[in-house]
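Take a look at the letters that make up each chain.
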Amino acid sequence: YDLGNGIVRFSKAKMFHKKAKYKFIGKKHPKAPKPKKASVVVKPIGGEKNGGTRKVLLRRRKSFYPTQDKIRKISHHKTFSKHVRNIRPSLTIGTVCILLAGRHAGKRVILVGILPSGLLLVTGPFAFNSCPLRRIPQHYVIGTSTKVDLGDFKLPAHLDDAYFKKNKKSVKRSVKRKEGEDIFASKKEKYVPSEQRKSDQ
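Here the residue numbers are simple positions, counted from 1 along each chain's written sequence. Only residues with pLDDT of at least 70 get local features here, since the model is predicted, and only at 80 or more are side-chain atom pairs given and counted; chain-wide, interface and lining totals rely on the full set of residues. Where side-chain values are given, they derive from all heavy atoms of the structure, hydrogens and water being excluded.

The name given to the protein in an unreviewed UniProt entry is Large ribosomal subunit protein eL6, with Heliconius xanthocles as the source organism. Recorded in UniProt for the protein, the comment headed Subunit (unreviewed entry) runs: "Component of the large ribosomal subunit. May bind IPO9 with low affinity." UniProt positions are given in the numbering used here, feature names are shortened, and annotations may be inferred rather than shown by experiment.

A. Inspection of the pattern of salt bridges at higher detail. Throughout this description, the term salt bridge denotes a Lys or Arg side-chain nitrogen within 4 Å of a carboxyl oxygen of Asp or Glu. In the structure shown here, the tally under the stated rule is two salt bridges. Residues aspartate 161 and arginine 135 are paired through a salt bridge, measuring 3.2 Å at the closest nitrogen-oxygen approach. Highlighted residues: aspartate 161 in the loop between β9 (141-147) and α3 (171-174) and arginine 135 in strand β8 (residues 134-136), separated in sequence by 26 residues. Residue classification places aspartate 161 among the buried positions, given a relative accessible area of 15%. For each residue, the accessible area found with a 1.4 Å probe, counting protein chains only, is set against the maximum for its type, and the residue is called buried under 20%, exposed over 50%, and partly exposed in between. Taking relative accessible area as the criterion, arginine 135 reaches 30% and is therefore assigned partly exposed. Glutamate 195 is the salt-bridge partner of lysine 198, the closest N and O atoms lying 3.8 Å from each other. Of this pair, lysine 198 and glutamate 195 both sit in helix α4 (residues 195-200), three residues apart, roughly one helical turn. Going along the chain from the N terminus, every DSSP run of H or I of four or more residues is numbered as a helix, and every run of E of two or more is numbered as a strand.

B. Representation of the packing of aromatic side chains within the structure. Under the pairing criterion, centres of Phe, Tyr and Trp rings, with the six-membered ring standing for Trp, must be within 6.5 Å; the plane angle then separates stacked pairs below 30 degrees from edge-to-face pairs above 60, leaving the rest tilted. Taken as a whole and judged by the stated rule, the model has one aromatic pair. A ring pair is formed by tyrosine 163 and phenylalanine 164, whose centres lie 5.1 Å apart and whose planes are at 80°; its orientation type is edge-to-face. Here tyrosine 163 and phenylalanine 164 have matching classes, each one buried.

C. Spotlight on unusual backbone geometry. A cis amide bond links glycine 124 with the next residue in sequence, proline 125, at an omega value of -5°. Tracing the sequence through the fold places proline 125 in the loop between β7 (120-123) and α2 (126-129).

D. Focus on a nonpolar patch on the surface. Here the term patch refers to residues with relative accessible area over 30% and no salt bridge, with like charges joined within 9 Å and nonpolar side chains (Val, Leu, Ile, Met, Phe, Trp, Tyr) within 5 Å. Here the accessible surface of atoms and residues is derived via Shrake-Rupley with a 1.4 Å probe, and residues count as covered only by protein chains that are part of the display. A cluster of nonpolar side chains, namely Leu100, Tyr140 and Ile142, defines an oily patch on the protein surface of about 280 Å² accessible area. Mapped onto the fold, isoleucine 142 is located in strand β9. For isoleucine 142, a relative accessible area of 38% gives the class partly exposed.

E. Highlighting the nonpolar core. Among the nonpolar cores identified, the biggest contains ten residues, and these are Leu91, Cys97, Leu99, Val109, Leu111, Leu120, Val122, Cys131, Ile136 and Val141. Contacts were defined at the residue level, with two residues in contact if any of their heavy atoms lie within 4.5 Å. Once residues lying within four places of it in the same chain are set aside, the contact partners of cysteine 131 are Leu99, His104, Val109, Thr123, Gly124, Pro125, Phe126 and Gln201. Nine residue types can take part in a nonpolar core, namely buried Ala, Val, Leu, Ile, Met, Phe, Trp, Tyr and Cys, and a core is a set of them joined through side-chain atoms within 4.5 Å.

Right, dumping it as structure tokens:
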């Protein structure tokens, strides 16, 4: 139908008739089965004493194979925490170790315990060389042949990985501001060890 200004539009019925879609309504054309291409040819084996046959591929197999297996993604995000921790046999409780990294690098410390996460719990002691109770990976430690007899010392149950985690509070909530101070200036709350931490040390 004509809309004026030279614009002509077809209705659905006209378009349906123009494309001759009415010819295909209700008709079903089953697909003709395609003949399968033979991938193998059987050839006789020549020779006086043979007389058998062999199968020969019509298409050669691909000559390139990947040298590496595809890396499979593991959906479990807690698998690392479930790993079995293997500690070096030289690192036993009471061993004097040398720290290789951190602010206390180069100091001699005493191995006090091995935590479930695989980290080593060491101490200076604090009164001797100012190294407090710290967790450290075994890769950053050298175990010496010197050992300290700790007697019947047992690591308290509350000294675990959760004990050493920092309290991650936002700076705005943790720091109380005085009147007249700039509210946008970021302040860090100074760490002060608790009485529990001091007694444990």
